[in-house]
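Here are the chains, one letter per residue:
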Amino acid sequence: MAQQYRSFRDLDWALIIIALIICCLGVLQIYSATHETAAWNDAWWKQIIWVGAGLILLYATTKLDYHTLLGQVPIMYVLAVLALLATFAVGKMVFGSRRWIPVGPIHLQVSEFVKVVIVLLVARYLAETKAEQLDGRDLLRLGGLVVVPMLLVMAQPDLGTSLTYVPVLAVGIFLAGLRWKYLAIILTVVVLAVPLSWNFLKDYQKQRLITFVDPEKDPRGSGYQVIQSKIAVGQGGMWGRGVTKGTQTQLRFLPVPHTDFIFSAFAEEHGFVGVVVVLGLYFLLLMQIVQNGTMAPDRAGMYICMGVAALTLFHLLVNVGMVVGRMPVTGIPLPLMSSGGSNTLSMFLMLGLVNNVRLRRFVN
Amino acid sequence: MNLIEPERNTGQDPRNPLQNPRMLRDDTKFASGKVAFFQYFSVAVFVLLVASFWDLQVRNPELYSEAALRNSVKAIPLLAPRGKILDRDGRVIVDNHPSYSVLINRQLYKPEHLHDIAEGLNLDYDDLAAKVRRFSTEPKYRPIIIKLELTPADLAFVNAHRDGTTFPELELIHVDRRLYPQGGLAAHVIGYVGEVSVGELDSPEFAKYNQGDIVGKAGIERQYNDVLIGVDGQRQEIVDNLGRSRSVIGIKEAIPGKTIQLTLDLDLQVVAELAMEGKRGAVVALDPRTGEVLAMVSRPAYDPNLFAGRIRSADWKEITGNPFHPLLNRAIQAQLAPGSTFKPIMALAGLEAGVINDGFHASCGGGASFYGRFFKCHLSRGHGSVELHKGIAQSCDVYFYNVGNRLGIDRIAQYAEMAGLGHKTGIDLPQEAEGTMPSSKWKIRNFRQKWYAGETISVSIGQGATTVTPLQLAAATGGIAMGGIWMKPHLLKDTQPEITRKGDLNPENIARIVSGMCAVVNEGGTGARSRIPGVEFCGKTGTAQLASNDFLKGSKQGQAMKDNGWFVGFAPRINPEIAVVALFESGEHGTHAAPIVRDVVKAYFDKKARLQGIQAAKSPPPPEPPPDPKRKVEPEIIE
């Protein structure tokens, strides 16, 4: 009883409140971007429900010791791979990609939940390694374990989400320590793999990379999204055009202004000032996660927190970078703001893990 | 470099950390340096992102505001209807009719649609593509009108395909378009409108217009384009990404062009047109008192409605390929030898210069020799003893050879130029020709040669290098009939009459010439078949050879080599009210041109009588019987 009370009070309330403020701004922006559309005008209250569900999930996640969760990683990993395979069988085809499997009345994007499994997987594997530095066998094993779900997600095809697994692995390996020799080998492989992988990319993915380099090349086609996004951001100016006043958002020149390009819509309606406030909130959130990692009771806890931090930072860099034309269009959502159930729930799950780690630092 | 502290928990079961949660507890700072590195990296990422937003939002937001505006504001042109053109009585000659045009909104335009659009609207793809290319330098908000006067099938095509997913660039607009009289009535006076060409845009006259504007290209439409054209308006709409209108943010209404009233009298115009049916040539009717043009016909004519938008190339080829040049306004642009219609001017010069008087007789034996060359009279058996009256009435060439010989070329030119020959009349129509009045100076200037006295003999009967336009001849003759006051011809009713030239002439001399011209019609002269009962109709025939007919030179048409028939007439004898010229190309003789003039003059007096009758009927005591119904005009058949 006493332990329960303590655990509730000792939740990272700063983290949760920052996350909820970001979620509120997200809901507001979703409303602004979709209230005049026929297909999406219910997205804002759906998002409220998802955030509520996310909070419950966060709390539930803190109830179970993360060590217990780490113990179940093999089972979770197998279930994750099976679920990814299932998307090919029962997945709903949307925009040429099978990412969703039906669970009751809703469709869940499996690859979003696999993120949580990857975080736990990397944490457990690295925490168990005894050596001062990782050796080649460790790299191959851990890399192999991560690559299998990555390839499955890539085959959906969903390049953006599959790439989000990489920073979790990369930051984990970085923290665990790596010989220069292996670092050099990894970099060589990557450098060699990039031109080779060009042949494995889908045409639309190649097109996206070409237009990332030169969006004006095809302003009506694939460069359209980036150009429209930059126009939206640019015309926001210092103070923004006001909620529901951004022409790029309201007249739908901006593509998907409630999901992948939500930050573009936000920047148009709230201006540079709004952008700095929200980016500041994200920075505080990130630092709070890292802080929990440094206070973790053990390596596994730290790896979990840093994995979540790496993933969040990657999402921010790629999504917000895309909005301002500094990153190619990969179609990954902005955590906590973008409309969508799976990404919201998975983010709250991960914040739950961070809180879980935090609560265990007093356990004796 | 290696920040990892040595592991102290050897001996524990690393495979099962859950069994001993404390095993890693004191080990959490093992990577604090790397965590700090991660934090600095995060700071760098955020700084980079904030800098990107600074770059877009604070450094040059105007750039993007404009881009957003271009995205969302669509301008739809509201085309101003052109002003109507009325005749002197206020009857409509040129009107507009409502129609639909289709345009391409270039902000939404996709080049790959062009083929299907051209096919759907039955347009030539290459023409359309060329048009789109011409617009490439114009601002994007200026749409391209690609087809005027949509057929019901076109309308159905546009309505079915202008949705957001098919061809969102298509836009329908309502346009008032020119409606010209059928059958080319007054076609040359009115002219026509058309899309301003690239070449015209470079000329000062059209420099103020834009690509795609419809402007007057000929005739009154061109002369008074600035008055008729009006000012186009614009409606600005907010549109979404599919081009659907969300709201109207501003309307600048179009200002319609002003209506103009001409001096033309449709009644006379119709009569003149009918009289010229099936012939080539021109008719000009003037009021010599004011210079008002009452009728102006040129044949062959064309249908200006073909030009009203963008003329089809087949129609254009047919018009330009016609050997008789239907686009030429012969009334002001045909420069032809006047033949014997020049003789009243010769008589004026002779009398005024004092080289002839009532007593001057010439003996005509069918010709005469001057400077070693024999010049024929048109009547080979000769006119016998000829004085001025008979010389004009019978058009005796020998008489006028003698007059000319006595005058010399420069005195002839002096009086002919006083009457307006060799100069543009200054009528308010574009591209008037000036004709030629030769003189010794003219010859030196143009040929660097001396004038030979023998050349004067041909000029005396309106041949040689002398050329006139029908309008010049009408104005010249009308001015003589007015006693030496030449008015500037004009077509715009709202124009102050303007005297071009005033000769200090002896009224008795005028009376002598007019008397001769009266005899032409009324005393068994060359125009005797064209008498009008009850009207003092005077005139002069002319039969001109084609030696100096420049614009038909090289034509292989046999008919083109026949002589041109002229007739110039006026009425009444004193205080003339109307002067009419008819040019009947290849008409062989002036007597064949005379009935054309007679019809117009008769129509004028019939109408006058009718109007006076109505006036009289209105006043309480009706002093006169009702007027005769207007005589049905039938074209004279030339045998």
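Residues numbered from 1 in each chain as written. Chains lettered and ligands numbered in written order. Predicted model: local features only at pLDDT ≥ 70, side-chain atom pairs only at ≥ 80, totals over all residues.

Caption draft 1: How the structure looks around helix α20 (residues 507–522) of chain B. Residues and elements named next belong to chain B. With 16 residues, α20 extends 22 Å from end C-alpha to end C-alpha; this agrees with the ideal 22 Å at 1.5 Å per step. Counting buried residues along α20, 12 of its 16 residues qualify, which places the element largely inside the surrounding structure. Listing the buried residues of α20 in full gives N509, I510, R512, I513, V514, G516, M517, C518, A519, V520, V521 and N522. The inward-facing, buried residues of α20 contact α13 (343–353), α14 (388–393), α19 (470–481) and β19 (538–544). After α20 finishes, the residue G524 shows a positive phi value of roughly 75°. (Helix = DSSP H or I, 4+ residues; strand = E, 2+ residues; numbered from the N terminus. Expected span 1.5 Å × (residues − 1). Buried ≥ 20, exposed ≤ 12 C-beta atoms within 10 Å, placed from the backbone. Contact = placed C-beta atoms within 7 Å.)

Caption draft 2: Quick look at the sheet that holds strand β8 (residues 233–239) of chain B. Residues and elements named next belong to chain B. If you walk across this open sheet you meet the three strands as β1-β8-β9, and the pairing is antiparallel. The open sheet terminates on both sides in strands that have one partner only, identified here as β1 (73–78) and β9 (245–252). Sheet twist, expressed as the mean angle between neighbouring strand axes with direction ignored, is 25°. (Pairing = 2+ DSSP bridges. Axes fitted to C-alpha atoms, helices over the stretch in contact; angles between N-to-C directions.)

Caption draft 3: View of the interface of chain B and chain A. With 41 residues of chain B in contact, the opposing surface of chain A contributes 52 residues. Those elements giving two or more residues to the side of chain B that touches chain A turn out to be α1 (32–59) and α2 (61–72) of chain B. Taken together, the residues that form the side of chain B that touches chain A break down as 22 nonpolar, 11 polar and eight charged. (Nonpolar A, V, L, I, M, F, W, Y, C, P; charged D, E, K, R; others polar.)

Caption draft 4: Representation of the confidence of the model for chain A in the model. Looking at chain A as a whole, the pLDDT averages 87, with 94% of positions reaching at least 70. In this model, residues 1–5 of chain A is a region of pLDDT below 50 whose contacts with residues beyond four sequence positions or in other chains number zero contacts. (pLDDT = per-residue confidence, 0-100.)

Caption draft 5: Up close: unusual backbone geometry. The omega torsion across Q156(A) and P157(A) is 0°, close enough to zero to call that bond cis. With respect to the secondary-structure elements, P157(A) resides in the loop between α7 (136–154) and α8 (159–163). Backbone geometry places T244(A), a non-glycine residue, at a positive phi of 60°. Residue classification places T244(A) among the partly exposed residues on the basis of 14 C-beta atoms within 10 Å. Of note, the phi angle at E588(B) is positive, near 70°, even though the residue is not glycine.

Caption draft 6: Layout of the sheet that holds strand β2 (residues 97–103) of chain A. Residues and elements named next belong to chain A. Across the sheet, which stays open at both edges, the three strands sit in the order β1-β2-β3 with antiparallel pairing between neighbours. Strands with a single pairing partner mark the edges of an open sheet, and in this sheet they are β1 (92–94) and β3 (106–109). Neighbour-to-neighbour, the strand axes of the sheet open up by a mean angle of 45°, direction not taken into account. Both β1 and β2 contribute to a ladder of three bridges, which runs antiparallel. By the bridge assignment for β2, V94 is matched with S97.

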